[in-house]
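Analysis of the macromolecular model
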Amino acid sequence: MEALDIFATASLWSAVLRIATPLIFGTLGALICERAGVLNLGIEGIMTLGAMVAWMTVYQGGNLWIGLLVAALCGGLFGLLHALLTVPLGLSQHVTGLGITLFASSLTYYVYRLSLPVTSSPPTIEPFQPLAIPGLSDIPFFGEAFFTQTAPTYLALFTVLLTAYLLARTPLGLAIRMTGENPHAVEAQGLNPVRIRIGAIVAGSALMALGGAFLTTATFNSFFPTMVQGRGWVCIALVVFASWRPGKALLGALLFALFDAYQLRLQHVIESAIPYQLFLMVPYVLSIVALVVMSRRAKVPQALMAPYRKGER
Amino acid sequence: MRLERRTQSSLALLLAAPIIAIVIALALSGGLIALAGVNPLDAYAAMVKGAFGSRLSISETLTRTTPLILTGLAAAVAFRARLWNIGGEGQLYAGALVAAWLGHNMAARLPTPLAIILIMLAGMLAGALLLLGPVLLRLRLGVDEVVTTLILNFIVLLFVSMMIEGPLKDPLAFGWPQSVPVDSDVMLPKLLSRSRLHIGLIIAILAAFVIWIVQSRTVFGMETKAAGLNTKAASFAGIKLGRTLLGVACISGGMAGLAGAIEVTGLKGYVTLDLSPGYGYSGIVVAMLAALHPVGVVITALFVAIVFVGADAMSRALGVPSFIADVIVSISLLTMLVSLLFTTYRVRR
């Protein structure tokens, strides 16, 4: 098979959506936090936590959707911790976020190890099965590529629409955006920027946890440490690439997933001289390139990373 | 209720802050230990015994302290100038890889002390160069260095994996991905016989004092502080921000790279992918617990090392998962951030 023929296979495009799903959730989550003016570097840890919690819920006999719900709740809880530390207390968002990541992932590993004895291969669950959309999934090529995904993938695409609508067209969205641009103006409008920021971080973190949960309930069927593999950091880069817009975030996640899915298949086509690590580097290198290319024209929320204290400028 | 800036913060308060933070972190982690069905006090006693109980355990704790001092310094130096270098882990591996390569190929051609010094310098250079990229991107194009340094960690780890399975692979390692070994001549001398403790500890402590003197006694040190406190005021005062940050990056990346070079030439003798159990990330905690003070870093690195070595022993004895060490350390970071806040702010009704 030639390297270019890969693009003509439906399985590639199907994989693109599958790989993009956790990135879509994560990027939207980070985007909502940043639109309200707070950088959430807790994302990597919150995704790890979401992955374990959802898996564990299902492993203990819970429904897959209950698993996702529990993951979102736990993610929201850690978001609340990040919010309390960075918004009312105004601590450094960089260091707090990293602290949340270290805390969430170490707690995740601890609880996982505590609940299950050490085994050579991790226990598995029955994950989400592909859901063929009646009618659309019968279309040749496109049906297999885009309309036989698992249910959470459709949920992710719907969340993009919802977030875009919420941010651009509702009073709540306006308030969130204004809090990210100028919290003092929000205060002058009689709204409470502290509460808006806390709410946005909790909601965003819940989405991040869903992204992690997708990994253990759909992509794979088990949990293992370090499985998030820097996807959270990639999401932070994608937010910049998307210039803080949900639609472009979807585009970025899909583009990124396309490269990732392509390099996986390309590895099998040209097995010879090129070390596989070079292929694995591609997604990481790309996210740095995306940052470099886009950061000049990116429309950064003006109050991003500026702590808000009432009456203090 | 609101926060009000203190007019001055007393030394006692500054010294109490990390202690209070650690006590609260231990109390919270105690709850998690109790979840495992073990009395937290027994667990902590086992940890102290595991870290100090014998000559061997003390030497192990000090061996573990060495890289933590260096990665702690890497974070402390950078954060003081508001340069968010989160790439300590990658810089450590860069230094380690260069040290293994030089130590394998060059040892026989040079007198031993010269070879060791050269390896240390090369390790520092590798770490520094790795950080210069993200810093230049920030200065020239305004790219946030947090994300670039974080992502570089993954790229470097893949690169190391490629090297130790490729050009630097040890053909005698039975197929294990492991780098060629460093020549035994250039291994760092032991500090204590019949132990793994090596003179890297002395090098790390010396580095802390040198950095302390540079920070408190030189123009460059003052410039880095000014750049961190208020960028605009600093550039108004004629400080060249770019040059200062590049200098900071060289020291910060250099320290992390040195940590890698010392782990290879002092302890392991070769590079594997589990050379560092997250020293780069733990370094951030070490630096924050020390409130970014270079000499404080030596003490907080010791604390973190005690937690890690102690937790391993405690885990073997009582069956509490050793991940509890990471939990204790990460909670300490969060509680320290809060208690540091109260050294500069007070609560007013």
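Residues numbered from 1 in each chain as written. Chains lettered and ligands numbered in written order. Predicted model: local features only at pLDDT ≥ 70, side-chain atom pairs only at ≥ 80, totals over all residues. Heavy atoms only, no water.

Let us now look at the overall build of chain B. Within chain B, the regular secondary structure consists of 13 helices and two strands. The C-alpha radius of gyration of chain B comes to 21 Å, within 12% of the 20 Å expected for a compact globule of 349 residues. The principal-axis extents of the C-alpha atoms in chain B amount to approximately 70 × 60 × 30 Å. For chain B, the proportion of its 349 residues judged to be buried stands at 55%. Looking at chain B as shown, the accessible area adds up to about 14900 Å², and 68% of this sits on carbon and sulfur atoms. Taken together, the 25 basic and 15 acidic charged side chains of chain B have centroids lying 13 Å from each other. (Helix = DSSP H or I, 4+ residues; strand = E, 2+ residues; numbered from the N terminus. Rg over C-alpha atoms; globule rule 2.2 N^0.38 Å. Buried < 20%, exposed > 50% of the residue type's maximum accessible area, 1.4 Å probe, protein only. Areas by Shrake-Rupley, 256 points an atom, 1.4 Å probe, with all protein chains shown as cover. Lys, Arg positive; Asp, Glu negative; His and termini not counted. Charge placed at Lys NZ, Arg CZ, Asp CG, Glu CD.)

Below, the discussion takes up the nonpolar core. Formed by 210 residues in total, the largest nonpolar core has its most connected members in L70, L73, F79 and I324 of chain B. Each residue touching F79 of chain B, except ones within four places of it in the same chain, is listed here: V95 of chain A together with W84, N85, I86, I284, M288 and L292 of chain B. (Core = buried A, V, L, I, M, F, W, Y, C linked by side-chain atoms within 4.5 Å. Contact = heavy atoms within 4.5 Å.)

Once that is clear, we can look at the pattern of salt bridges. All names here are of chain B. Across all of its chains, the model carries three salt bridges over all chains by this definition. E60 is the partner of R196 in a salt bridge, and the nearest nitrogen-oxygen pair spans 2.9 Å. Of this pair, R196 sits in the loop between α6 (145-165) and α7 (200-217) while E60 sits in helix α3 (residues 55-80), placing them 136 residues apart in sequence. Close ionic contact of R138 with E145 constitutes a salt bridge, the shortest N to O distance being 2.8 Å. (Salt bridge = Lys/Arg side-chain N within 4 Å of Asp/Glu carboxyl O.)

Attention now moves to unusual backbone geometry. What you tend to see is this: most non-glycine residues have negative phi, and most peptide bonds are trans. With a phi close to 55°, Q229 of chain A is a non-glycine residue in the positive phi region. Positionally, Q229 of chain A belongs in the loop between α9 (193-219) and α10 (231-241). Positive phi values are uncommon outside glycine, yet L292 of chain B reaches one of about 65°. One can find L292 of chain B in the loop between α11 (279-289) and α12 (294-318).

With that settled, the discussion passes to the packing of aromatic side chains. Inspection of every chain in the model, using the stated rule, returns eleven aromatic pairs over all chains. Both rings, one in W55 of chain A and one in Y112 of chain A, keep their centres 5.9 Å apart while their planes meet at 65°; by these two values the pair is edge-to-face. You can see W55 of chain A sitting in helix α2 (residues 43-59) and its partner Y112 of chain A sitting in helix α4 (residues 93-115), a full 57 residues away along the chain. Taken individually, W55 of chain A and Y112 of chain A each receive the classification buried, so the pair is uniform in this respect. Seen in terms of ring centroids, Y109 of chain A and F323 of chain B are 5.3 Å apart; in terms of plane orientation they differ by 50°. Their pairing is tilted. Of the two residues, Y109 of chain A sits in helix α4 while F323 of chain B sits in the loop between α12 and α13 (324-344), which places them in two different chains. A relative accessible area of 15% places Y109 of chain A in the buried class. For F323 of chain B, a relative accessible area of 24% puts it in the partly exposed group. (Phe/Tyr/Trp six-rings, centres within 6.5 Å; stacked < 30°, edge-to-face > 60°.)

This part covers the interface of chain B and chain A. Taken residue by residue, the interface counts 45 residues in chain B and 43 residues in chain A. Of the roughly 3900 Å² buried between chain B and chain A on both sides combined, carbon and sulfur atoms contribute 83%. Taken together, chain B and chain A are joined by zero salt bridges. Counting the contacts that link chain B with chain A gives six residue pairs in polar contact (both at pLDDT 80 or more). Put simply, the parts of the chain that give the side of chain B that touches chain A at least two residues each are α1 (11-35), α5 (112-141), α6, α11 and α13 of chain B. A total of 13 residues in the side of chain B that touches chain A trace back to one element, the largest contributor, which is α6 of chain B. Residue composition of the side of chain B that touches chain A, by class: 37 nonpolar, four polar and four charged. (Buried area = accessible area lost by both parts, 1.4 Å probe. Polar contact = N/O pair within 3.5 Å; in protein donor to acceptor, adjacent residues only side chain to side chain. Nonpolar A, V, L, I, M, F, W, Y, C, P; charged D, E, K, R; others polar.)

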